[in-house]
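In case you want the letters, here they are:
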Amino acid sequence: MVASSRATRAAAPGGGESLRTVLIALAANLLIAFAKSVAAMLTGAASMLAEAAHSWADAGNEVFLFIAARRAVRPRDAPHPTGYGREAYVWSLFAAFGLFAVGAGVSVMHGVQELLSPEPAGLFGVSYAVLAVAFVLEGISFLQALRQSRRHARESSQDLHDYVMGTSDPTLRAVFFEDAAALVGLVIAFGGILLHQLTGSAIPDAIGSILVGVLLAVVAVVLIRQNRRFLVGVAVDPRVRAAALQRLLAEPEIAQITYLHIEYVGPGRVFLVAAVDLVGDIPEHVVAAQLNAIEDRLAQSPRVAWAVLTLSRPGAPALDPEHPADPLRG
């Protein structure tokens, strides 16, 4: 779309930066998962085992997200005219299911087992040391996702929550929520282990494991829901739509636009369909050439996967660039 448009720039987060965010998260989770697993075997703490399952699930998810980031940028071809961008949502959906099944499932099941058959725990200092290191590493990963999200949210004049929930980049959203959940989960695990040490009862530790599982389940459901929305098809933000309308009207051949449809077909990639009136009264073969030329210019933008222009129906009202029509109507 328009290179200078803040709204349009924000719609297309940098693929390279998102890939870097995923790789940082993967490295952090592998280190953390190994440390937590060793600590869980040494201490017998239920919350630590839940956290180990959480980190291994996150590490596996980052592999899916890495695949998503790489496959989604493949150029379009004849069988896939809008490109492969939606693969990002497919692989991110796999990652969310993995978080639900492995992270949440293992944590809740082990917590319930610990409630029914409590086991003694010890070496609490090991647990606290591992949790502290994990908090630092998770914090580094989260800060990378937070910096990226804040910058794009600021460019699109949105608050952070709205941007992360609505961004077309599923890898950024997944890393952001998974790292935020990891930090909260570490606090829960610390509380459960500390109460276990102070009271001598395994119940707080078991409840901590269950709470970590519930937290992961909630995050997984949120990610599944958002990926499903983008797979089904989501209209772009009204500000992006308005920027696209202004970009089209900037073409000297276009007099007015009567229909505009834009939907995301991948991270920061859109499919655009518009009905336009051209300037002047020109022969049909010239009309086709002009429409094709405009389509080619639009497709030069890295944010446009495919653009299709057609002539407006006679008498169709023009869209107002200041107040573009509701996406459901046009």
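Every chain is numbered on its own, with residues counted from 1 as its sequence reads. pLDDT decides what is reported in this predicted model: residues at 70 or higher carry local features, side-chain atom pairs at 80 or more are listed and counted, and totals for whole chains, interfaces and linings draw on all residues regardless. Each side-chain value is worked out from all heavy atoms of the structure, with water and hydrogens disregarded.

### Structural notes on the overall build of the chain
By definition, any uninterrupted DSSP run of H or I lasting at least four residues is a helix, any uninterrupted run of E lasting at least two residues is a strand, and each is numbered from the N terminus. In terms of helices and strands, the chain carries ten helices and three strands. Each principal axis of the C-alpha atoms in the chain carries an extent, and together these give about 85 × 30 × 30 Å. Relative accessibility under 20% of the residue-type maximum defines a buried residue, over 50% an exposed one, and the middle range a partly exposed one, all with a 1.4 Å probe and only protein chains included. Residues counted as buried form 51% of the 330 residues belonging to the chain. We call two residues contacting when some pair of their heavy atoms lies within 4.5 Å. Of all intrachain contacts in the chain linking residues separated by at least 6 positions in sequence, the fraction that spans at least 24 positions is 77%. Note that accessible areas follow from Shrake-Rupley with a 1.4 Å probe, and for residues the cover is restricted to the protein chains shown. If you sum the accessible surface of the chain, you get close to 14800 Å²; carbon and sulfur atoms cover 67% of it. Distance between charge centroids for the chain: 3 Å, based on 25 positive and 28 negative side chains. As used throughout, the charge tally considers Lys and Arg to be positive and Asp and Glu to be negative, leaving His and the chain termini uncounted. Lysine's charge is taken at NZ, arginine's at CZ, aspartate's at CG and glutamate's at CD.

### Digging into the sheet that holds strand β1 (residues 254-266)
Sheets are built from strands that pair by backbone hydrogen bonding, the pairs being arranged parallel or antiparallel. For two strands to be treated as a pair, DSSP must find at least two bridges joining them. Overall, mixed pairing links the three strands, which are arranged β1-β2-β3 in an open sheet. Of all the strands in the sheet, the pair left with one neighbour each is β1 and β3 (304-311). Strand-to-strand, the axes of this sheet are offset by a mean angle of 15°, without reference to chain direction. Where β1 and strand β2 (residues 269-278) come together, ten bridges link them in antiparallel fashion. When the bridges of β2 are listed, Ile262 appears paired with Leu272. Relative to β1, helix α9 (residues 238-249) is tilted by about 135°, and along the sheet it contacts β1, β2 and β3. To obtain each axis, a line is fitted to C-alpha atoms, and for helices this fit is confined to the stretch in contact; angles are then taken between N-to-C directions over 0 to 180 degrees.

### Some thoughts on the packing of helix α3 (residues 46-71) against helix α7 (residues 170-199)
Where α3 contacts α7, the axes come no closer than 10 Å and their chain directions differ by 175°. Relative to α7, the element α3 is oriented roughly antiparallel. Along its contact with α3, which presents Ser47, Met48, Glu51, His54, Asp58, Asn61, Glu62, Leu65, Ala68 and Ala69, the element α7 presents Thr171, Ala174, Val175, Glu178, Ala181, Ala182, Gly185, Leu186, Ala189, Gly192 and Ile193. Looking at the contact of α3 with α7 residue by residue, the classes come out as eleven nonpolar, six polar and four charged. To sort the angles, those under 35 degrees are grouped as roughly parallel, those over 145 as roughly antiparallel, those from 65 to 115 as roughly perpendicular, and the leftovers as oblique. Polar here means any residue other than Ala, Val, Leu, Ile, Met, Phe, Trp, Tyr, Cys and Pro, which are nonpolar, and Asp, Glu, Lys and Arg, which are charged; Gly is therefore polar.

### Here's the deal with the packing of aromatic side chains
Each Phe, Tyr or Trp ring, with Trp reduced to its six-membered ring, pairs with another whose centre is within 6.5 Å; inter-plane angles below 30 degrees give stacked pairs, above 60 give edge-to-face pairs, and intermediate values give tilted ones. Under the criterion given, the structure shown has nine aromatic pairs. One aromatic cluster is present, formed by Phe64, Trp91 and Phe94 through successive ring pairs. Charges are assigned to positions over rings by a cutoff of 6 Å between ring centre and Lys NZ or Arg CZ, combined with an angular limit of 35 degrees from the ring normal. Between the NZ or CZ atom of Arg74 and the centre of the ring of Tyr84, over which it lies, the distance is 3.9 Å. Sitting over the face of the ring of Phe230, Arg229 holds its NZ or CZ atom 5.9 Å from the ring centroid.

In short, geometric facts, not functional conclusions.
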